[in-house]
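Below are the chains, spelled out letter by letter.
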Amino acid sequence: MQTFPDMYKGIVDCFVKTYKQVGFRGFYKGTTPALVANIAENSVLFMCYGFCQQIVRRIVGVDRKTKLSDLQNAAAGSFASAFATLVLCPTELVKCRLQAMHEMQLSGKIIQGHNTVWSVVKGVIQKDGPLGFYRGLSSTLLREVPGYFFFFGGYELSRTFFASGRSKDELGPIPLLLSGGFGGSCLWIAVYPVDCVKSRIQVLSMAGKQAGFMGTFVTVVRTEGVLALYSGLKPTMIRAFLANGALFLAYEYSRKLMMKQIDSY
């Protein structure tokens, strides 16, 4: 829906056409690189988040054990996302290309598509070399750095709201789920147009040389209108709320479990 908005009238139309043309397996195109991307990104993101919190403490001149404000945590998350981008960009490129392969063939932009992760990887290496996996890196950075400011900022603000003067560590699973979902929603509302441009760069570059971020952005706005930058927002928001709610719930309980084990030694 992001790359070929003219092909689908909405989420239901996209669902029906995908099922009729490709079958049920069409909904799982790009699952492997998507899983790898999420695992790699979140591992690096949350590992660097702790380090970046310490950097923020040094910048503002507070003690290592001082609790950061919601705004300071948002800044730490934004810094951490820059490191996560380096592992995210290659896997997202493979995922986007696999997911849009059917549409690329239907539109006539490519004659023969790649149907497996390995065939996409091999195609990138043969055509562009190892650096080809970093097509759209600047767009990914432009999405991640401000996006994760809103992600962690929204999460921490929501936790503060639910805590109502209590310690945030006392919050139960429901407030954590809602806070995580709110953080994820803030991220995608803020940077969805950037993600749309990034996806187009990574997918359409299969057919030949593709313009950079500004060139692609201007082309989309001129030829399709501003609303084309928000094509596919609805399913993204549904996914973002559920996935990020579960992500932060798992993160907080894993962190508490590990801290208890450390304290017991």
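As a reminder, the structure under discussion sits directly above these lines.
The sections below set out a description of the structure shown in this document. As the structure is a prediction and not an experimental result, all values here were calculated from the model. (Residues numbered from 1 in each chain as written. Predicted model: local features only at pLDDT ≥ 70, side-chain atom pairs only at ≥ 80, totals over all residues. Heavy atoms only, no water.)

### A word on the packing of helix α2 (residues 31-60) against helix α9 (residues 233-264)
With their axes 13 Å apart at the nearest point, α2 and α9 run at an angle of 50° to one another. Overall, the two elements α2 and α9 adopt an arrangement that is oblique. The element α2 and its partner α9 pack so that their crossing is right-handed. Residues Asn 42, Phe 46 and Tyr 49 of α2 pack against Leu 247, Phe 248 and Tyr 251 of α9. (Axes fitted to C-alpha atoms, helices over the stretch in contact; angles between N-to-C directions. Helix = DSSP H or I, 4+ residues; strand = E, 2+ residues; numbered from the N terminus. Parallel < 35°, antiparallel > 145°, perpendicular 65-115°, else oblique. Left-handed = near helix turned anticlockwise from the far one by under 90°. Contact = heavy atoms within 4.5 Å.)

### Looking at the pattern of salt bridges
Under the definition given, this model contains 14 salt bridges. Residue Glu 144 pairs with Arg 143 through a salt bridge whose shortest N-O separation is 2.8 Å. Grouping residues by exposure puts Glu 144 and Arg 143 together as buried. With a closest N to O distance of 2.7 Å, Glu 224 and Arg 200 form a salt bridge. Here Glu 224, found in helix α8 (residues 213-224), pairs with Arg 200, found in helix α7 (residues 173-204); they are 24 residues apart in sequence, far enough to count as distant. For Glu 224, a relative accessible area of 33% translates into the label partly exposed. In this structure Arg 200 comes out as buried when scored by relative accessible area, which is 4%. Put simply, Lys 67, Asp 70, Glu 156, Arg 159, Lys 168, Asp 169, Glu 252 and Arg 255 are held in one network by salt bridges that share partners. (Salt bridge = Lys/Arg side-chain N within 4 Å of Asp/Glu carboxyl O. Buried < 20%, exposed > 50% of the residue type's maximum accessible area, 1.4 Å probe, protein only.)

### Examining the side chain of Gln 53
In this structure, Gln 53 sits in helix α2. Gln 53 sits in the buried class, given a relative accessible area of 16%. When neighbours within four sequence positions are excluded, Gln 53 is seen to be in contact with Leu 68, Asn 73 and Ala 76.

### Considering the nonpolar core
Leu 45 and Phe 152 are the most contacted members of the largest nonpolar core, which has 24 residues in total. Of all elements in the fold, only α2, α3 (70-99), α6 (137-163), α7 and α9 reach the threshold of two or more residues within this core. Examining the composition of this core, we find that 7 residues originate from one element, α2, more than from any other. In contact with Phe 152, not counting residues within four places along its chain, are Leu 45, Phe 46, Tyr 49, Asn 73, Ala 74, Gly 77 and Phe 248. Formed by 14 residues, the second largest nonpolar core is a distinct cluster that contains Leu 98, Val 120, Val 124 and Val 203. (Core = buried A, V, L, I, M, F, W, Y, C linked by side-chain atoms within 4.5 Å.)

### Description of the packing of α2 against α6
Across the interface, α2 lies against α6 with an axial gap of 14 Å and an inter-helix angle of 70°. Taken together, α2 and α6 sit at an angle that is classed as roughly perpendicular. Classified by chirality, the crossing of α6 by α2 is right-handed. Between α2 and α6, the residues in contact are Glu 41, Leu 45, Phe 46 and Tyr 49 and Glu 144, Tyr 148, Phe 152 and Glu 156, respectively. Taken together, the residues of the contact of α2 with α6 sort by class into 5 nonpolar, no polar and 3 charged. (Nonpolar A, V, L, I, M, F, W, Y, C, P; charged D, E, K, R; others polar.)

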